[in-house]
Amino acid sequence: MIIPTANTVISSPAWGTLTRRSPAISGSRPATKNSVVSIKKVPTASKRGPKLPSRWSAASMNPVFRPVSMTAPRRRPVARAVLAALTIMVIAPLTLTGCTRSADPPPLPPHGVYDHEAAGETSRAEPVPANGTAGALTRPLTEAGWFCAQVRGNADGRSLWCRIGRRDETDTVVPQVAQFLLDREDRLAWAWFPAPAGKEDGQVAAAAASSLTAVWSGAGDRLREEIDDFDRDRRSDTVRRSGEIPRAGWRDEYADYNYSDLNGLVVTARDGSVRRWPFGAEHYATTMSSAVGDLLAGGYDCFYPPQESCNRPQSNGYFRVSLRGDQIVSAGFGIGSLIESGRQRHPLSQEFPHGLTFLTDAVRGAITERLEQCRRTGTGFTGIVAGSVVIIDASRGGVDDDDFAAYFHVQIGAPLAATLPV
């Protein structure tokens, strides 16, 4: 049997990168040039459910040719091959994505969710209720050592923020975070599991699967399968050489899911919806413009606006904020401690001459006391103080039983959902 050589046809390819193999394609991998493949019908979507549009789309696969008859004129097999290739390139993407073309991942945050006036905003943090959707979502995480809190709310919904800090081989704390948004009917509307820095494969999947399974039956199994497939394909040489940021998308009866190494996992529920996302922070934080003068007096290099990150070269210190306008939403800073003969040799006033003036009067005293206790003992803390989220990660270098030097990374307040830093 003689197989004529047909030129590969490329007509407006969807993307210039290798795409992950979709479960909607059954059998062997796509045929390459001069392959003989018998096609009885257009492949149909598997029972796993439709994929969302992705940069790994079927349109970037090689054309598939039908077998060629030996008795046909030489020009007709080529024409038939060209027609088959064009048909597959047009129909396959529609079959895999539900009649939609490849699209960009959802924006973070979604468009317009913070473009509103205050709507009954509250920024006083409190423990997550033990019952209802909030309790079900966070219980698997807290049982695994995470800290979770309800950090803000308004007339339309409420935000939950969870965190765990794991130490790497250098004794540096590497945090992992999860964010949830519930509507006023106590339904999960949106969730984000950002990829932690230097993450190991499986951390996002483990956290997301345990939480979502608690409220959506079967969602966790599908999620693990999709992310495992993604991680396996991501390690291929072709994908690494493509220069694109690979991502995967899928949907089930509960939500749309989008996963990538850049953003982690973003989940948008199909039932719950929050039009105005909570943004309050006035309970615990002041404004950056009112705080920058005290930072300059403490030796920080600050140029605000627009700078939102300040450094203190004398002590290798830093001060960073997330803002909504001029309002501080969350603040993080680094500060050392030196205990000799039971006395603090590096007083807080060296870096904050007037105290933590970026905090409101309602919380400043209690948070300062908690921080100073950690600095005296060389220990960390994670919890709620005076209605404010407080995270203190300690790195202690021992001198002897009573004397030590330590460095502390401090975070006060939780950022807005779907914004950086997390």
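The rules behind each value
- Residues numbered from 1 in each chain as written.
- Predicted model: local features only at pLDDT ≥ 70, side-chain atom pairs only at ≥ 80, totals over all residues.
- Heavy atoms only, no water.
- Pairing = 2+ DSSP bridges.
- Helix = DSSP H or I, 4+ residues; strand = E, 2+ residues; numbered from the N terminus.
- Contact = heavy atoms within 4.5 Å.
- Axes fitted to C-alpha atoms, helices over the stretch in contact; angles between N-to-C directions.
- Salt bridge = Lys/Arg side-chain N within 4 Å of Asp/Glu carboxyl O.
- Buried < 20%, exposed > 50% of the residue type's maximum accessible area, 1.4 Å probe, protein only.
- Parallel < 35°, antiparallel > 145°, perpendicular 65-115°, else oblique.
- Left-handed = near helix turned anticlockwise from the far one by under 90°.
- Nonpolar A, V, L, I, M, F, W, Y, C, P; charged D, E, K, R; others polar.

A. View of the sheet that holds strand β1 (residues 126-127). Taken in spatial order, the 8 strands of this open sheet run β1-β2-β3-β4-β5-β8-β7-β6, and their pairing is antiparallel. Two strands close off the open sheet at either side, each with one partner strand: β1 and β6 (247-251). Where β1 and strand β2 (residues 147-153) come together, 2 bridges link them in antiparallel fashion. Considered in β2, the bridge of proline 127 is made with alanine 149. Set on the sheet, helix α4 (residues 219-234) makes contact with β6, β7 (255-260) and β8 (264-269); between it and β6 the angle comes to about 155 degrees.

B. Structural detail: the pattern of salt bridges. Applying the stated criterion to the full structure yields 13 salt bridges. When the shortest N-O distance is used, the salt bridge between glutamate 351 and arginine 312 registers 3.9 Å. Note that glutamate 351 is positioned in the loop between β12 (343-344) and α7 (361-377) and arginine 312 in strand β9 (residues 309-312), a separation of 39 residues in sequence. Two residues, glutamate 340 and arginine 345, come together in a salt bridge whose shortest N-O distance is 3.7 Å. Classification of arginine 345 by relative accessible area gives partly exposed; the value is 38%. Within this structure, Asp183, Glu185 and Arg187 form a network of salt bridges that share partners.

C. Highlighting the pairing of β9. Here β9 shows a buried face lined by Cys310 and Arg312 and an unburied face lined by Ser309 and Asn311. Bridge count between β9 and strand β10 (residues 317-324): 4 bridges; the pairing is antiparallel. Considered in β10, the bridge of asparagine 311 is made with tyrosine 318. Between the end of β9 and the start of β10, which pair antiparallel, lie 4 residues, with asparagine 316 showing a positive phi angle near 60 degrees.

D. Just the packing of helix α2 (residues 132-143) against helix α3 (residues 203-213), in detail. Axis separation between α2 and α3 bottoms out at 7 Å; the angle between their running directions is 140 degrees. One element, α2, and the other, α3, form an angle in the oblique class. α3 is crossed by α2, and the crossing has right-handed handedness. Side by side, α2 and α3 meet where Leu137, Pro140 and Leu141 of the first sit next to Ala207, Ser210, Ser211 and Leu212 of the second. When the residues that make up the contact of α2 with α3 are grouped by side-chain class, the tally is 5 nonpolar, 2 polar and no charged.

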